[in-house]
Amino acid sequence: MNLMQLFRSSRKEDNSAAIAKERLQIIVAHERNSRSGRDFLPAMERDILQVIQKYIEIQQECIDIKLDSQDGCSILEVNVQLPN
Amino acid sequence: MARIIVVTSGKGGVGKTTTSSSIATGLALKGHRTVVIDFDVGLRNLDLLMGCERRVVYDFVNVINGEAELHQALIRDKRTENLSILPASQTRDKEALTHEGVEKVLNQLAKDFEYIICDSPAGIEHGALMALYFADEAIITTNPEVSSVRDSDRILGILQSKSRRAVENLEPVKEHLLVTRYNPDRVTRGEMLNIQDVEEILAIPLIGVIPESTSVLKASNQGVPVVCNTESDAGQAYNDVVARFLGEDIPHRFLEPAKKGFLQRMFGGIG
Ligand SMILES: Nc1ncnc2c1ncn2[C@@H]1O[C@H](COP(=O)(O)OP(=O)(O)OP(=O)(O)O)[C@@H](O)[C@H]1O
Ligand SMILES: [Mg+2]
């Protein structure tokens, strides 16, 4: 560490590279998570649809499935639009 | 067996074509029979960087469509006898490259060449997917900058799920991280991500670091791959990359600010 660096580290907002790294780590982790979910989602969606269709008449378009993660916790969101 | 290597990035303008031309030339200079293919349909550029733009008669799409024989489209490099170039088509039809067509040409090239370098277009659309589909190895070209790193990660995801090796459940594509346009001065000032940051985020092995260098523009002006300029920092860095690719173990260079000015030496002498 030299004198110039000492000056700079006292002004943290100047170190934009550190901010860049932090932001990247968060977004990349998020995107990897949703990527790894993507593989089995279509198959699971089909299975869930079949189960519902045993009892209620609905179309493929009426079901929407999302896998999301927040604060280290995964959330499976299933939206089924029932016919009226 | 020929090795197929894709040079890819997701983000545009990060140095893929610069890298493809230099790595292909470097491999050929070391005695390996090499061909470099421009996959950037509609935006042909590799020919310019290789300095063979006036010798293009037929292109990749002509060969796929059966309008020309492969040997008619291949351009022999004038500097390096082991090297050939297959130029991209200037057609506006982005779907001109088909799986079957590309595979047929690659199979034919594999009979004559040891290394097949595929210069990918930017993006994650058809052209980029075609360029990476048949790859055995990938050089992930990345600038130390947020959007480039994020796009590189997306491309890694695609390599791991949509490449032939992924689809056919074969051994995964071998991934190499190449950081280009690295500016050690700006890294020291905390203005640019450093190599460890990029490595940590992408978590793949580093094959080289190419410094931001005026010699790159100069080389492209002249149509001579920068790897041929052995005096320049970028040329030497690309030479190192080729050597590492061939299995040599050499330390990374050009990671520190090059010349220190008077003031900087005064203030920077302690650390
Ligand atoms: N190490 C470097 N130092 C300085 N300039 C560079 C360096 N690498 C590439 N460039 C410049 O960046 C620009 C883009 O380079 P290049 O065409 O190789 O990128 P690309 O990834 O192939 O772009 P595209 O996505 O459009 O195909 C060019 O002007 C080139 O001279
Ligand atoms: Mg390019």
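Further up the page is the structure itself.
Notes on the structure in this doc start here. Residue numbers run consecutively from 1 along every chain, following the written order of its sequence. All chains are assigned letters beginning at A, and all ligands numbers beginning at 1, according to the order in which they are written. In view of the model being predicted, local features appear only for residues whose pLDDT reaches at least 70, and side-chain atom pairs are presented and counted only at 80 or more, with totals across whole chains, interfaces and linings using the full set of residues. Note that the side-chain values use all heavy atoms of the structure and ignore hydrogens as well as water.

Describing empty space enclosed by the protein
Residue and element names in this part refer to chain B. So the rule is basically this: Grid spacing is 1 Å over the protein atoms alone, the probe is 1.4 Å, and a cavity is where that probe fits but cannot get out, while a pocket is an open set with protein on both sides within 12 Å along at least five of seven lines and lining residues have an atom within 4 Å of a point. Grid points are joined across faces, edges and corners, and a volume is the space filled by probe spheres set on the points. Labels follow the DSSP assignment, with helices taken as runs of H or I lasting at least four residues and strands as runs of E lasting at least two, numbered in each case from the N terminus. When residues are grouped by polarity, Ala, Val, Leu, Ile, Met, Phe, Trp, Tyr, Cys and Pro land in nonpolar, Asp, Glu, Lys and Arg in charged, and all others, Gly among them, in polar.
All told, the structure shown has two cavities of 30 Å³ or more when counted by the stated rule. Here the largest cavity is characterised by a volume of approximately 60 Å³. Every residue lining the largest cavity is listed: T18, S21, S22, L49, V216, A219, S220, V224, P225 and V226. When contributions to the lining of the largest cavity are tallied by element, the ones reaching two or more residues are α1 (16–29) and α11 (214–222). Looking at side-chain class alone, the lining of the largest cavity contains six nonpolar, four polar and no charged residues.

Side note on the pattern of salt bridges
Pairing of side chains with opposite charge becomes possible as their charged atoms draw close. So the rule is basically this: The rule for a salt bridge is simple: a side-chain nitrogen of Lys or Arg has to be within 4 Å of a carboxyl oxygen of Asp or Glu. Here the term buried applies to any residue with accessible area under 20% of the maximum for its type, exposed to any over 50%, and partly exposed to those in between, with areas from a 1.4 Å probe on protein chains only.
Enumeration over the complete set of coordinates arrives at 15 salt bridges over all chains. Residue D197 of chain B pairs with K21 of chain A through a salt bridge whose shortest N-O separation is 3.3 Å. One end of the pair, D197 of chain B, is in helix α10 (residues 195–202); the other, K21 of chain A, is in helix α2 (residues 16–38), on a second chain. Just as D197 of chain B is buried, K21 of chain A falls in that class too. Each of the salt bridges in this network shares a partner with another, and the network as a whole consists of K21 of chain A together with D197 and E200 of chain B.

Some thoughts on the side chain of T180 of chain B
Residue and element names in this part refer to chain B. Stated formally: Two N or O atoms form a polar contact when they lie within 3.5 Å of each other; inside protein one atom must be a possible hydrogen donor and the other a possible acceptor, and for residues adjacent in sequence the pair counts only when both atoms belong to side chains. Any two residues having at least one pair of non-hydrogen atoms within 4.5 Å are treated as being in contact.
Tracing the chain through its elements places T180 in strand β7 (residues 174–182). Overall, the relative accessible area of 2% leaves T180 in the buried class. A polar side-chain atom of T180 sits 2.8 Å from the main-chain carbonyl oxygen of V14. Residues in contact with T180, not counting those within four places in the same chain, are V14, T19, T141, T142, N143, P144, I210 and Y238.

Looking at the state of the cysteines
Let me state the cut-off plainly: Two cysteine sulfurs form a disulfide in these notes if their separation is within 2.5 Å.
The full count for this structure, using the stated rule, is zero disulfides over all chains. No disulfide involves C228 of chain B; its sulfur sits 13 Å from the nearest other cysteine sulfur, which is in C52 of chain B.

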